[in-house]
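Listed below are the residues making up each chain.
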Amino acid sequence: MTALALVAAGAAPAHADTVRDLEYWLDDYGITDAWDVTRGAGVTVAVIDSGVADIPELAGAVVGGTDESGEGSADGRTPVGEGEEHGTLVGTMVAGRGTAAGQGMVGVAPEANLLSVSVAFGSGDQDVEDQIARAVRWSVDNGADVINMSLTTNTLDWPASWDDAFLYAFEHDVVVVAAAGNRGSGTVEVGAPATIPGVVAVAGLDRDGDASFDASSQGITIAVAAPSEELVGITPEGTPVYWSGTSGAAPLVAGVVALIRSAHPELDANDVINRLIRTATPATPPFRDPSTGTDSWTRRPP
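Residues numbered from 1 in each chain as written. Predicted model: local features only at pLDDT ≥ 70, side-chain atom pairs only at ≥ 80, totals over all residues. Heavy atoms only, no water.

**Q** How would you summarise the pairing of strand β12 (residues 240-243) if you had to cite specific residues and measurements?
**A** Bridge analysis of strand β11 (residues 231-234) against β12 gives four bridges, and the strand direction is antiparallel. Paired with V232 across the two strands is Y242, which belongs to β12. Here β11 folds back onto β12, and the loop between the two strands holds five residues, one of which, G238, carries a positive phi near 85°. (Pairing = 2+ DSSP bridges. Helix = DSSP H or I, 4+ residues; strand = E, 2+ residues; numbered from the N terminus.)

So, in structure tokens, the structure goes:
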């Protein structure tokens, strides 16, 4: 059995009245420009994580959910396991609605819908690998267009139960986005599910757009990279916090995928991934760098 872990590097309090100003990626990476075309309406993103809590920034965003751990609530909204705040942080980065005009956390795709699929890390009697497999299938069967997985096994391999689950997602035209892991948390090389063929593996960048040393890992499966340092998110208590890690980079990319799927519903999953990569700003130097992948991440509207 492989130990799974969430891939965040800790959190510290932030000031509520400056949250929107702290979201530097919205302007620096072309997200606000993309909103002139789409804000993600009509797309559903499943967040397979510790559970997405009911907070003001996500009012109306979560349209369904389930608990695969046996520890949470039937709707998947009760945080479970170690790192209970994790799923809510991720959810706000994908589809936060804000709390008022210009206030509160806003996600990359603020009109996308979320599914909250709770799994428990480090607690309970159920095998977390089996929880993940069931979570992927449930997400597909309940309308997910995109699945975000801000977690890692810390190994290249994955359990046999994941073969059928991920193939099921791919056969149903779902884009799966996964975090590459963090050196600072012991993941030097990308681990599954980010090593599974067809999964969009996301590495992390620092504020200057360079590969993050602590808040990312490296590996040839990396597709794109996104900010993983100096991030901000909202906890289940409604508190804004600073955090870091590819746990935050992955939902930024999942949000961009939601924007692409909303603006271009005619594209299948493979073409969406191709557009994501081809519209990204190439890494420097222009060859495959195992710490950033082929491209460093999109800086232009989809």
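Back to the text.
**Q** Quick one: what's the story with the sheet that holds strand β4 (residues 62-67), residue by residue and with numbers?
**A** Pairing within the open sheet is parallel, and its seven strands lie in the order β4-β5-β3-β6-β8-β9-β10. Sheet topology places β4 and β10 (222-227) at the edges, where each strand pairs with a single neighbour. Strand-to-strand twist of the sheet, defined as the mean angle between neighbouring strand axes without regard to direction, takes the value 25°. Pairing geometry for strand β3 (residues 44-49) and strand β6 (residues 146-149), over three bridges, is parallel. Looking at β6, one finds that V45 is bridged to V146. Contacts between helix α7 (residues 246-263) and the sheet are confined to β3, β6, β8 (175-179), β9 (200-205) and β10, with β8 contributing the most and set at about 160° to the helix. (Axes fitted to C-alpha atoms, helices over the stretch in contact; angles between N-to-C directions. Contact = heavy atoms within 4.5 Å.)

**Q** I'd like a description of the packing of aromatic side chains, backed by residues and values.
**A** Summed over all chains, the structure comprises two aromatic pairs. The interplanar angle of 75° and the centroid separation of 5.1 Å between the aromatic rings of Y24 and W25 together place this pair among those described as edge-to-face. Y24 gets classed as buried once you look at its relative accessible area, which sits at 5%. Both rings, one in W162 and one in F166, keep their centres 5.7 Å apart while their planes meet at 45°; by these two values the pair is tilted. In this pair, W162 and F166 are both assigned in helix α6 (residues 160-171), four residues apart and thus about one turn of the helix distant. Judged by its relative accessible area of 0%, W162 is buried. Owing to a relative accessible area of 1%, F166 belongs among the buried residues under this scheme. Seen from the ring of Y168, R137 lies directly overhead, with NZ or CZ sitting 4.3 Å from the centre. Seen from the ring of Y24, R207 lies directly overhead, with NZ or CZ sitting 4.0 Å from the centre. (Phe/Tyr/Trp six-rings, centres within 6.5 Å; stacked < 30°, edge-to-face > 60°. Buried < 20%, exposed > 50% of the residue type's maximum accessible area, 1.4 Å probe, protein only. Lys NZ or Arg CZ within 6 Å of the ring centre and 35° of its normal.)

**Q** Break down α6 for me, with residues and values.
**A** The first and last C-alpha atoms of α6 sit 17 Å apart over twelve residues, in line with the 16 Å expected at 1.5 Å per residue. Residues of α6 that are buried: W162, A165, F166, Y168 and A169. Looking straight down α6, one finds its buried side chains confined to an arc of 150°; they lie on one side. Exposed and facing more than 90 degrees away from the buried side of α6 are A160, D164 and E171. On its buried face, α6 sits against α5 (128-141), β6 and β8. (Expected span 1.5 Å × (residues − 1). Arc of directions from axis to C-beta.)

**Q** Got a sec to walk through the pattern of salt bridges? Specific residues and values, please.
**A** For the structure shown, the criterion picks out four salt bridges. One salt bridge connects R261 with D173, and the closest N-O pair in it is separated by 2.9 Å. Residue R261 is found in helix α7, and its partner D173 is found in the loop between α6 and β8; the two are separated by 88 residues along the sequence. Given the relative accessible area of 10%, R261 is considered buried. Judged by relative accessible area, which is 32%, D173 ranks as partly exposed. (Salt bridge = Lys/Arg side-chain N within 4 Å of Asp/Glu carboxyl O.)

**Q** Talk me through the confidence of the model for the chain; I want residue IDs and the actual numbers.
**A** With 82% of its residues at a pLDDT of at least 70, the chain reaches an overall mean of 87. Note that pLDDT drops below 50 for residues 294-302; the model gives that stretch 53 contacts with residues more than four away or on any other chain. (pLDDT = per-residue confidence, 0-100.)

**Q** Give me the lowdown on the nonpolar core, citing residues and values where you can.
**A** Generally speaking, nonpolar side chains in soluble globular proteins are found buried as a group. Core analysis: the biggest nonpolar cluster contains 93 residues, and W25, I147, V177 and V200 have the highest contact counts within it. The dominant element in this core, judged by the number of residues it contributes, is α7, at ten residues. Those residues in contact with I147 that lie beyond four places of it in its chain are A46, I48, V136, S139, V140, V174, V175, V176 and V177. (Core = buried A, V, L, I, M, F, W, Y, C linked by side-chain atoms within 4.5 Å.)

**Q** Now, about helix α4 (residues 86-95): what can you tell me, with residues and values included?
**A** Across the ten residues that make up α4, a large majority, ten, are buried. The complete set of buried residues in α4 reads H86, G87, T88, L89, V90, G91, T92, M93, V94 and A95.

**Q** Describe the packing of α7 against helix α8 (residues 269-278), with residues and values.
**A** α8 packs onto α7 with a crossing angle of 115° between their chain directions and a minimal axis gap of 10 Å. The interaxial crossing formed by α7 with α8 has right-handed handedness. Within the contact between the two elements, α7 uses V253, V256, V257, I260 and R261 and α8 uses A269, V272, R275 and L276. Looking at side-chain class alone, the contact of α7 with α8 contains seven nonpolar, no polar and two charged residues. (Left-handed = near helix turned anticlockwise from the far one by under 90°. Nonpolar A, V, L, I, M, F, W, Y, C, P; charged D, E, K, R; others polar.)

**Q** Before we move on, can you summarise the pairing of β8 with the specific residues and values?
**A** Where burial is concerned, most of β8 is hidden: five out of the five residues are buried. Side chains of β8 alternate between two faces, with V175, V177 and A179 and V176 and A178 buried alike. Pairing between β6 and β8: four bridges, direction parallel. Of the residues in β8, the one forming a bridge with N148 is V177. Summarising the sheet, β8 and β9 pair through three bridges and their orientation is parallel. By the bridge assignment, A178 is partnered in β9 with A201.

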